[in-house]
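Here is how the chains run, residue by residue.
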Amino acid sequence: MINKNKTIVIFENEPVRRVWLEKEEKWFFSVIDVVRVLTGSLRPRKYWDDLKRKLNQEGSQLSAKIGQLKMLSKDGKFYDTDVADVEIILRLIQSIPSPKAEPFKLWLAKIGYERLKETVDPEIAVNRARNNWLSLGYSKKWVEQRMRGQEIRNKLTDYWADHKISRAEEFAALTNIIHREWSGIAILEHKRLKDLKGHNLRDHMTEAELLFSSLAELSTRQIAEKELALGFNNNAVVAKKGGGVAGRARKDLEKLTGKKVVSGDNFLASRNSKKLLK
């Protein structure tokens, strides 16, 4: 059953606004929010304006199918905002070059959209994401671990969104608390260790790193549900506890194996070294 009161949904750490229209029986998503998520642009409104002009010049009818609905802004007021249903959002994604395109389509397939099967089969979306990673050279074992981890992550961010966490900064801060507790370092430090710039850290984690990251987020959600954590402060305390569960497990494993879990390995370097060996 659809939660029609859930007007903010989360992709990774980014909030995406939506409005349910009873007459249409559809969710309509903020186009600006989708553009921001896909591009990472600090000026998503300008990006969207430029894209609309480009589409119009090419004779595309896509922008003509964009509507407007009032949505809550950061200042607490409602403003007319460009919106589109899932079908149009999926077409829009094709016009925006982004490494997040396939994961975003998969996310759309998993957020409980009632009529999504009319526009994209969730199984197809899952297989597309899997095949995308495999085509880049990731192992099947890694891909399955990554996808399980994303599902765990989605359930945690859903909990946060339903319990008074709404700003992107709050999602990022809570994620960083969990990460620091399980790994011993902040996300930015971890990315520096792997020599990553502008890349998704999780796409460059080893299987062990993915496993402990998932354990930390699973523990955090279950503790939050037990304690009914509400708001940023309460969830920050829980994030520390949940991350600590995985942190202690990591330290135990490192003592037994004599090998560090947190690694400087990244997929780009690994792929390039394999090419050199051929």
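Residues numbered from 1 in each chain as written. Predicted model: local features only at pLDDT ≥ 70, side-chain atom pairs only at ≥ 80, totals over all residues. Heavy atoms only, no water.

### Thoughts on the pattern of salt bridges
Applying the stated criterion across every chain yields a total of 22 salt bridges. Close ionic contact of Glu225 with Arg221 constitutes a salt bridge, the shortest N to O distance being 3.1 Å. Residue Glu225 and its partner Arg221 are both found in helix α9 (residues 207–227); the two are separated by four residues, about one turn of the helix. Residues participating in the shared-partner salt-bridge network are Glu14, Arg17, Asp33 and Arg36. (Salt bridge = Lys/Arg side-chain N within 4 Å of Asp/Glu carboxyl O. Helix = DSSP H or I, 4+ residues; strand = E, 2+ residues; numbered from the N terminus.)

### Concerning the side chain of Asp203
Turning to its location among the elements, Asp203 is positioned in the loop between α8 (187–193) and α9. In this structure the side chain of Asp203 is engaged in a polar contact, spanning 2.9 Å, whose partner is the side chain of Arg146. For Asp203, the contacting residues outside a window of four places in its chain are Trp133, Tyr138, Trp142, Arg146 and Phe267. (Polar contact = N/O pair within 3.5 Å; in protein donor to acceptor, adjacent residues only side chain to side chain. Contact = heavy atoms within 4.5 Å.)

### Some words on the nonpolar core
Trp133, Trp160, Ile178 and Trp182 are the most contacted members of the largest nonpolar core, which totals 35 residues. Of all the secondary structure elements, the ones that give two or more residues to this core are α5 (122–136), α6 (140–162), α7 (168–183), α9 and α10 (231–257). Excluding residues within four positions of it along the chain, Ile178 makes contact with Leu156, Trp160, Ala216, Glu217, Thr220, Ala239 and Gly243. Grouped together as the second largest cluster of nonpolar side chains are 29 residues, Trp20, Leu38, Ala84 and Leu92 included. (Core = buried A, V, L, I, M, F, W, Y, C linked by side-chain atoms within 4.5 Å. Buried < 20%, exposed > 50% of the residue type's maximum accessible area, 1.4 Å probe, protein only.)

### Describing the packing of aromatic side chains
Under the definition given, this model contains eight aromatic pairs. Note on Tyr138 and Trp142: the rings are 4.0 Å apart at their centroids and 20 degrees apart in plane angle, and the pair reads as stacked. Residues Tyr138 and Trp142 agree in their burial class; the two are buried. Three or more aromatic residues joined by ring pairs form one cluster here, namely Trp133, Tyr138, Trp142 and Phe267. (Phe/Tyr/Trp six-rings, centres within 6.5 Å; stacked < 30°, edge-to-face > 60°.)

### A few points about the side chain of Glu217
Counting through the fold element by element, Glu217 comes out in helix α9. Looking at Glu217, the relative accessible area reads 2%, which means it is buried.

### Digging into unusual backbone geometry
Glycine aside, negative phi is the norm for most residues, and most peptide bonds take the trans geometry. Backbone geometry at Glu12 places phi at a positive 55 degrees, although glycine is not the residue there. The residue Glu12 is located in the loop between β1 (8–11) and β2 (14–21) in this model. If you check the backbone angles, Leu228 has positive phi at about 55 degrees while not being a glycine. Relative to the assigned elements, Leu228 resides in the loop between α9 and α10.

### Re the pairing of strand β5 (residues 78–84)
With two bridges connecting them, strand β3 (residues 26–30) and β5 associate as antiparallel partners. Paired with Phe29 across the two strands is Ala84, which belongs to β5. The pairing of strand β4 (residues 67–72) with β5 spans six bridges and is antiparallel. Considered in β5, the bridge of Leu69 is made with Thr81. With antiparallel pairing between neighbouring strands as the criterion, β4 and β5 make up a hairpin whose turn holds five residues, including Gly76 at a positive phi of roughly 85 degrees. (Pairing = 2+ DSSP bridges.)

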